[in-house]
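One letter stands for each residue in the lines below.
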Amino acid sequence: MATKIIFFTVNGRPEKAEFPGDCPAQDVKDLFRSAAEAGPHDILKLYNPKGNITNISPGLEPNSSSCCYKLEVVAADCNSEPLGAELAGALGFDLSSMEKRLQGLEKRILTEAGDAPAVVYEMKKQVDSFREKLESVEHLSWLGLFKDLSEGTHKPSPFYHKRTLHKTRKECEHVREKFLQMSSLEVSEEVRQYLKTPTFDNWQWEDAEIMVLLQVMYTDLDFIAAFNIEPAVLHHFLFEVYRRYNNIPFHNFKHCFCVTQMMYGLIWLTDLKSKMDSEDLLIMLTSAVCHDLDHAGYNNAYQINARTELALRYNDISPLENHHCAIAFEILEKTESNIFRNLSMNQYKRIREGIIKCILATDMTRHNDILNKFKSILTAFDFTNKEHREVLMMILIKVSDISNEARPMEVAEPWLDCLLQEFYNQSDVEKLEGLPVTPFMDRDKVNKPSSQTGFIRFVLLPLFIELANLFPCLEQHIIHPVRKALDYYTEMEKALEREKVIRAQTQCPADSLTD
């Protein structure tokens, strides 16, 4: 059997696949998956030179390097079990029944007419195509079918994994039981000290354990005693927070923990306990815990451009951050989860006001205004000045929110993968819905190193350096690691550019031979 040679591109990079004509279909798919450097659960889409989606199979038509197929990694899938049949059922389709009926009709036509008319082959092609789409693509908005499912209690996540956007009751109860079983256990002194450092590795801890660690933070900062927080109420508050973070790649409960843990570490590293009162510290820690509640994976630009319910409700003014605040105080309005229920009216008013200011400060459209205000008061910073403290609190939650690159690379890099997955998903949806595409989220224009070098150089370092100007001790803890991260991604970017040049050079002789 003769071999086939298929020329295609992956993210603009030329590739060539060679396989026998009788090669198993799965082997062909694995070949393309390898070329795309995609994971075992990533979803691949192949476009023929005319721009139409085509099946990755041994039946691909051979081509030349001047007329390439285009391969895209659409999304990552975090689970292994197929969802196609489940979604087909939700949409009211029974693919097996359709196939059996089609096969029966085909046999009758062949028996009676001796040959199947073209319309039957076209029907069969459409069924096969529809099956492929259902089995390989879990986000169905591009089929025009997804939005009809959104009214259900557990609507599918806007991402390509198979968990619902909101946590299921079963999922929550399982984690809650584990948390309550563990909540009375004593956490070792070694872990308590490790929890105070920016090098803490969140990937080692399950959700129930993370809730225990959050409980440790409230305890070791003396909030339990200072604000008369009953243990059962704290447990319920932490569980409700866990429940209201969604199953999305980045802005999830683990991100909530990372931001809170960095805030906690900064409080200890800068000795803020001796410089600010307990109410300010409680505001900062609780703001970090609640800062992304019920995030659905689409940023403010999408909310505004898509005219979502949140954008309409908050008049395009920080719709996400306002929503996070609203969910936080929705949790705190319930007596059983109100960790502030034993505070005086004046204390509660001050803490509520502080939490709202801190969470709203995480809107990146306000970044320059907040940073410039901080720089203007830095030389004469006064911890007894209320306005100065409020600006510092906003800076601290901003630093904590985007602090992943201050962590060890083995902790930080997986977070970047999660963030890019969420970004790429949004830009895919923006393209499908005809909305303006957010440039730094476009999978056709952004890769891992290019997404970080500019962000670190122009956003992270200027922010972190100003905070270190007030607290020089932070130089070694957050500035040095971020500079190392910048060097790492700069080298990665250069390596990719060199590889691109080499590929282009090797492609030129091949083109001249075919021409």
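Cut-offs used in this document
- Residues numbered from 1 in each chain as written.
- Predicted model: local features only at pLDDT ≥ 70, side-chain atom pairs only at ≥ 80, totals over all residues.
- Heavy atoms only, no water.
- Helix = DSSP H or I, 4+ residues; strand = E, 2+ residues; numbered from the N terminus.
- Buried < 20%, exposed > 50% of the residue type's maximum accessible area, 1.4 Å probe, protein only.
- Contact = heavy atoms within 4.5 Å.
- Areas by Shrake-Rupley, 256 points an atom, 1.4 Å probe, with all protein chains shown as cover.
- Expected span 1.5 Å × (residues − 1).
- Axes fitted to C-alpha atoms, helices over the stretch in contact; angles between N-to-C directions.
- Parallel < 35°, antiparallel > 145°, perpendicular 65-115°, else oblique.
- Nonpolar A, V, L, I, M, F, W, Y, C, P; charged D, E, K, R; others polar.
- Polar contact = N/O pair within 3.5 Å; in protein donor to acceptor, adjacent residues only side chain to side chain.
- Phe/Tyr/Trp six-rings, centres within 6.5 Å; stacked < 30°, edge-to-face > 60°.
- Lys NZ or Arg CZ within 6 Å of the ring centre and 35° of its normal.
- Left-handed = near helix turned anticlockwise from the far one by under 90°.

## Observations concerning the overall build of the chain
Reasoning step 1: Along the chain, the regular secondary structure elements total 20 helices and five strands.
Reasoning step 2: Within the chain, buried positions represent 50% of all 515 residues.
Reasoning step 3: Across the chain, the fraction of contacts at a sequence separation of at least 24, relative to all contacts at a separation of at least 6, is 71%.
Reasoning step 4: Per element, the accessible surface of the chain, about 25000 Å² overall, is 53% carbon and sulfur.

## Re helix α9 (residues 231–244)
Reasoning step 1: With 14 residues, α9 should reach 20 Å at 1.5 Å per residue; the first-to-last C-alpha distance of 20 Å fits that figure.
Reasoning step 2: For α9, a buried count of ten out of 14 residues is recorded, marking the element as mostly surrounded by other parts of the structure.
Reasoning step 3: Of the residues making up α9, those classed as buried are Val233, Leu234, His235, Phe237, Leu238, Phe239, Glu240, Val241, Tyr242 and Arg244.
Reasoning step 4: Summarising the contacts, the buried residues of α9 are in contact with α5 (169–182), α7 (207–220), α8 (223–226), α10 (253–269), α11 (278–290) and α14 (319–332).

## Comments concerning the packing of α7 against α11
Reasoning step 1: Contact geometry of α7 with α11 gives a least axis separation of 11 Å together with a crossing angle of 170°. Classified by the interaxial angle, the pair formed by α7 and α11 is roughly antiparallel. Residues Leu214, Met217 and Tyr218 of α7 lie in contact with α11, whose contacting residues are Leu282, Leu285, Thr286 and Val289.
Reasoning step 2: Classifying every residue of the contact of α7 with α11 by side-chain character gives six nonpolar, one polar and no charged.

## Details of the side chain of asparagine 246
Reasoning step 1: With respect to the secondary-structure elements, asparagine 246 resides in the loop between α9 and α10.
Reasoning step 2: Of the residues examined, asparagine 246 reaches a relative accessible area of 2% and is grouped as buried.
Reasoning step 3: At 2.8 Å, the side chain of asparagine 246 forms a polar contact with the side chain of histidine 166.
Reasoning step 4: At 2.9 Å, the side chain of asparagine 246 and the backbone oxygen of histidine 295 are in polar contact.
Reasoning step 5: Those residues in contact with asparagine 246, other than ones at most four positions away along the chain, are Leu165, His166, Lys167, Asn252, Asp294, His295 and Ala296.

## A closer look at the packing of aromatic side chains
Reasoning step 1: Going through the model one piece at a time under the given rule, you end up with 19 aromatic pairs.
Reasoning step 2: On the numbers, 6.3 Å between centres and 35° between planes, the contact of phenylalanine 239 with tyrosine 242 is tilted. With a gap of three residues between them, phenylalanine 239 and tyrosine 242 both fall in helix α9, about one helical turn apart.
Reasoning step 3: Tyrosine 242 gets classed as buried once you look at its relative accessible area, which sits at 0%.
Reasoning step 4: Taking the centre distance of 4.9 Å and the plane angle of 75° together, the rings of phenylalanine 381 and phenylalanine 383 count as edge-to-face.
Reasoning step 5: Through successive ring pairs, a cluster of aromatic residues spans Tyr194, Phe200, Trp205 and Phe257.
Reasoning step 6: Over the ring of tyrosine 242 we find lysine 167; its NZ or CZ atom is 4.5 Å from the centre of that ring.

## Observations concerning helix α17 (residues 386–401)
Reasoning step 1: For α17, spanning 16 residues, the distance from its first C-alpha to its last is 23 Å, which sits close to the expected 22 Å at 1.5 Å a residue.
Reasoning step 2: Counting buried positions along α17 gives 13 out of 16 residues, so the element sits mostly inside the fold.
Reasoning step 3: Capping of α17 at its N-terminal end is provided by asparagine 385; its side-chain oxygen lies 2.9 Å from the backbone amide nitrogen of glutamate 387.

## Remarks on the packing of α7 against α10
Two measures define how a pair of helices packs: the angle their axes make with one another and the distance between the axes.
Reasoning step 1: Two elements in contact, α7 and α10, have axes whose closest approach is 11 Å; the angle formed by their N-to-C orientations is 25°. The pairing of α7 with α10 is recorded here as roughly parallel in orientation. Read as a crossing pair, α7 and α10 show a hand that is left-handed. When α7 is examined against α10, the residues Asp207, Ile210, Met211, Leu213, Leu214, Val216, Met217 and Asp220 are found in contact with a partner set consisting of Phe253, Lys254, Phe257, Thr260, Gln261, Tyr264 and Trp268.
Reasoning step 2: Along the lines of polarity and charge, the residues of the contact of α7 with α10 split into ten nonpolar, two polar and three charged.

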